[in-house]
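Commentary on secondary and tertiary structure
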Amino acid sequence: MKLNSGTLLITGGGGYIGSHTVVQLQAAGYRPLVLDNLSNCVPAVFERIEQISGQPVELIEGDVRDSVLLERIFSRYPIDAVIHFAGLKAVGESVQQPLRYYRHNVQGSLTLFEAMQRHGCKRLVFSSSATVYGPAATMPVNEQAPLAACNPYGRSKLMVEEMLGDLAAADSDWQIALLRYFNPVGAHPSGLIGEDPVGVPNNLLPYVAQVAIGRLPQLQVFGDDYPTPDGTGVRDYIHVMDLADGHLKALQALTDGHGCVPYNLGTGRGYSVLEVVAAFAAESGRPVPYDIAPRRAGDAAISYADPTFSRQQLGWRASRDLAEMVRDHWRWQQRNPNGYPTE
Ligand code: NAD
Ligand code: UDP
């Protein structure tokens, strides 16, 4: 991307992936403005980012669905591009509360894109998900695989991807990267920022970390009868710092004629639940007790990326291995056993 002002709007920049990306953007000389309604982050994250980067974070507290606020933001700041993280992300919750998910993820995105269009800001990096490939996809999955989301969360991502495809088809000035994340894990190596789920974690790594630290008694492994080497589910875990770097590369790839293009952000290598448990126990030196539970509804046996296209087009590849993911996740967990301070 040719820099004009270097000012970027980062929606959801206080969240897990957004906060790590803000750190990397500041280090690269951009000026990230964060728009976040603080529904899933606490103000302390911005102090931590400043501790890492030495630069304050400009926070606009508000909601991406608020068109009046967006109008003010785009009128006031010379925004070159937007990275759109803000949204809700829990699959199970989306099944219980579909309208809330469509409201935040679809209406929020639509409101944002309309504001961008009104102000001629047509460069966008969108947080999508590997979940848009659906559980029947053949692995490794590349960007041309059929799309088939199978829950409201996944459908909300797919709807936004389709909306953006239509937009770029109608107006060739739009330059859009759809980033399909695999399984983000790990934390900044400082241990100052990381994933801080509310309540009992749904995802494997934060759950394992809380078992290792003693907050939870034991892990339930959801199924050991999958057609995988040890019978447990296989996923493409990717270090959140590699993911953050992928956003920088995607931004830089936004040039005239780019259109709307999906990119896989994964490592291309899968690990089973039991391999993750073993890696965590080895890095932390703590036992991670588990028992085998029934399969979780809707889980695929195996999911991992073919990252070739991202490597070729973005010049990006994940460089951090499972040991580093686990080590950094554990450092964050140890330094912040109860997550971010809330006061
Ligand atoms: P997160 O919940 O940690 O971060 C989202 C941030 O957006 C939070 O700070 C929250 O306060 C804010 N937010 C939510 N709704 C908002 C709204 N309406 N207006 C303004 N701010 C709002 O989530 P994350 O893990 O950092 O994920 C970021 C994005 O990446 C999401 O769109 C998510 O769907 C997508 N994604 C995440 C994963 C994952 O495993 N973490 C995987 C694939 C895709
Ligand atoms: N998993 C598990 N126990 C848990 C959470 C997850 O066995 O408490 C398994 C899950 O079945 C899947 C893998 O860990 O095989 C990754 O699950 P996660 O929810 O982190 O990611 P996703 O299902 O979205 O890929």
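Above this text sits the structure in question.
Anyway, here's the lowdown on the structure attached to this text. Just so you know, the residues in each chain are numbered from 1, in the order the chain's sequence is written. All chains are assigned letters beginning at A, and all ligands numbers beginning at 1, according to the order in which they are written. Confidence filtering applies because this is a predicted model: local features only for residues at pLDDT of at least 70, side-chain atom pairs given and counted only at 80 or more, and all residues used for totals across whole chains, interfaces and linings. Note that the side-chain values use all heavy atoms of the structure and ignore hydrogens as well as water.

**Brief notes about the overall build of the chain**
What counts is decided by this rule: Think of it this way: any DSSP run of H or I at least four residues long counts as a helix, any run of E at least two long counts as a strand, and we number them from the N terminus. Only the C-alpha atoms count toward the radius of gyration. The rule for a globule is 2.2 Å times the residue count to the power 0.38. Partly exposed residues are those whose accessible area sits between 20% and 50% of the maximum for their type, while under 20% is buried and over 50% is exposed, using a 1.4 Å probe and protein chains only. For accessible areas, the Shrake-Rupley method is used with a probe of radius 1.4 Å. Any residue's cover is judged against the shown protein chains and nothing else. All tallies of charge rest on Lys and Arg as positive and Asp and Glu as negative; His and the ends of each chain are not included. Each charge is placed at NZ for Lys, CZ for Arg, CG for Asp and CD for Glu.
Helix and strand content of the chain: 11 helices and 14 strands. Against the 2.2 N^0.38 benchmark of 20 Å for 343 residues, the chain shows a C-alpha radius of gyration of 19 Å, consistent with a compact globule. Taking the principal axes of the C-alpha coordinates as reference, the chain spans close to 55 × 45 × 40 Å. Looking at the chain as a whole, 56% of its 343 residues qualify as buried. Carbon and sulfur atoms form 49% of the exposed surface of the chain, whose accessible area is close to 14,500 Å². Side chains of the chain give 28 positive and 35 negative charges; the mean places of these two sets differ by 2 Å.

**Focus on the site of ligand 2**
The condition is simple: Any residue with at least one heavy atom within 4 Å of a molecule or strand is counted as near it. Polar contact criterion, stated in full: a pair of N or O atoms within 3.5 Å, where within protein one must be able to donate a hydrogen and the other to accept it, and residues adjacent in sequence count only if both atoms are side-chain atoms. Polarity classes work like this: nonpolar for Ala, Val, Leu, Ile, Met, Phe, Trp, Tyr, Cys and Pro, charged for Asp, Glu, Lys and Arg, and polar for all others, with Gly in that last group.
The local shell around ligand 2 holds 14 residues, among which L204, Q220, R235, R296 and D299 are the closest. With respect to ligand 2, the side chain of N183 contributes an N or O atom lying 2.9 Å from an oxygen atom. A distance of 2.7 Å separates a nitrogen atom of ligand 2 from a polar atom in the backbone of Q220. Notes on ligand 2: free accessible area 520 Å², of which the protein chains cover 87%. Split into classes, the residues belonging to the shell around ligand 2 amount to 6 nonpolar, 5 polar and 3 charged.

**Section: the sheet that holds strand β3 (residues 58-61)**
To keep it simple, the criterion reads: Strand pairing is defined by DSSP finding a minimum of two bridges between the two strands. Where helices are involved, their axes are fitted lines through C-alpha atoms of the stretch in contact, as for all axes, and angles between N-to-C directions lie from 0 to 180°. Residue contacts are defined here by distance: any two heavy atoms, one from each residue, within 4.5 Å place the two residues in contact.
The 7 strands lie next to each other as β3-β2-β1-β4-β5-β6-β11, forming an open sheet whose pairing is parallel. Strands at the two margins of the open sheet, each flanked by one partner only, are β3 and β11 (259-265). With strand direction ignored, the average angle separating the axes of adjacent strands in the sheet is 20°. When strand β6 (residues 175-181) meets β11, the two strands line up parallel, connected through 7 bridges. Bridge pairing links R180 to N264 in β11. Packing of helix α5 (residues 98-118) onto the sheet brings it into contact with β1 (7-11), β4 (79-84) and β5 (123-129), and relative to β4 it is tilted by some 170°.

**Observations regarding the packing of helix α9 (residues 273-284) against helix α11 (residues 322-335)**
Spelled out, the test is: For classification purposes, an angle smaller than 35 degrees is called roughly parallel, one larger than 145 roughly antiparallel, one from 65 to 115 roughly perpendicular, and anything else oblique. We call a crossing left-handed when the near helix sits turned anticlockwise from the far one by less than a right angle, and right-handed when that turn is clockwise.
Orientation of α9 relative to α11, taken along the N-to-C sense of each, is 60°, at an axis distance of 9 Å. In terms of their interaxial angle, α9 and α11 are classed as oblique. Note on packing geometry: the crossing formed by α9 with α11 is right-handed. In this structure, α9 contributes E275, A279, F280, E283 and S284 to the contact, and α11 contributes L322, A323, V326, R327, H329 and W330.

**Considerations on the side chain of N336**
As for its placement among the helices and strands, N336 is situated in the segment after α11. With a relative accessible area of 5%, N336 lands in the buried category. Excluding its chain neighbours within four sequence positions, the residues that come into contact with N336 are R48 and G191.

**Focus on helix α8 (residues 240-253)**
Selection rule: Expected span of a helix, by definition, is 1.5 Å for each gap between consecutive residues, and there is one gap fewer than residues.
Its 14 residues place the ends of α8 20 Å apart at the C-alpha level, agreeing with the 20 Å of an ideal helix rising 1.5 Å per residue. The set of residues buried in α8 consists of V240, M241, D242, L243, A244, G246, H247, L248, A250, L251 and A253.

**Here we look at the site of ligand 1**
Within the structure, ligand 1 sits among 27 residues, and D36, N40, F85, K89 and Y153 are positioned closest to it. Contact between ligand 1 and N40: an oxygen atom at 2.7 Å from a side-chain N or O atom of the residue. Within the backbone of F85, a nitrogen or oxygen atom sits 2.8 Å from an oxygen atom of ligand 1. Summarising the interface, the protein chains cover 95% of the accessible area of ligand 1, which totals 830 Å² for the free molecule. Put simply, the parts of the chain that give the shell around ligand 1 at least two residues each are α1 (16-27), β5 and α6 (152-170).

**Here we look at the pairing of strand β8 (residues 219-222)**
Burial along β8 is one-sided: L219 and V221 are buried, and none of Q220 and F222, which face the opposite way, are. Sheet topology note: the β8/strand β13 (residues 290-293) ladder contains 4 bridges and is parallel. Looking at the pairing, V221 lines up with I292 of β13.

**Considerations on the nonpolar core**
Counted only if it meets this: Think of a nonpolar core as a cluster: buried Ala, Val, Leu, Ile, Met, Phe, Trp, Tyr and Cys residues, connected wherever their side-chain atoms sit within 4.5 Å.
Counting 41 residues, the largest nonpolar core has I10, L25, F46, I49, V125, L179 and L251 as its most contacted members. Looking at this core, the elements that each hand over two or more residues are β1, α1, α2 (44-53), β4, β6, α8 and β11. For this core, the element with the most residues is α8, which contributes 6 residues. With residues near it in sequence (within four places) discarded, V125 still touches V82, I83, H84, A177, L179, H247, A250, L251 and L254.

By themselves, these are just geometric observations and shouldn't be taken as functional.
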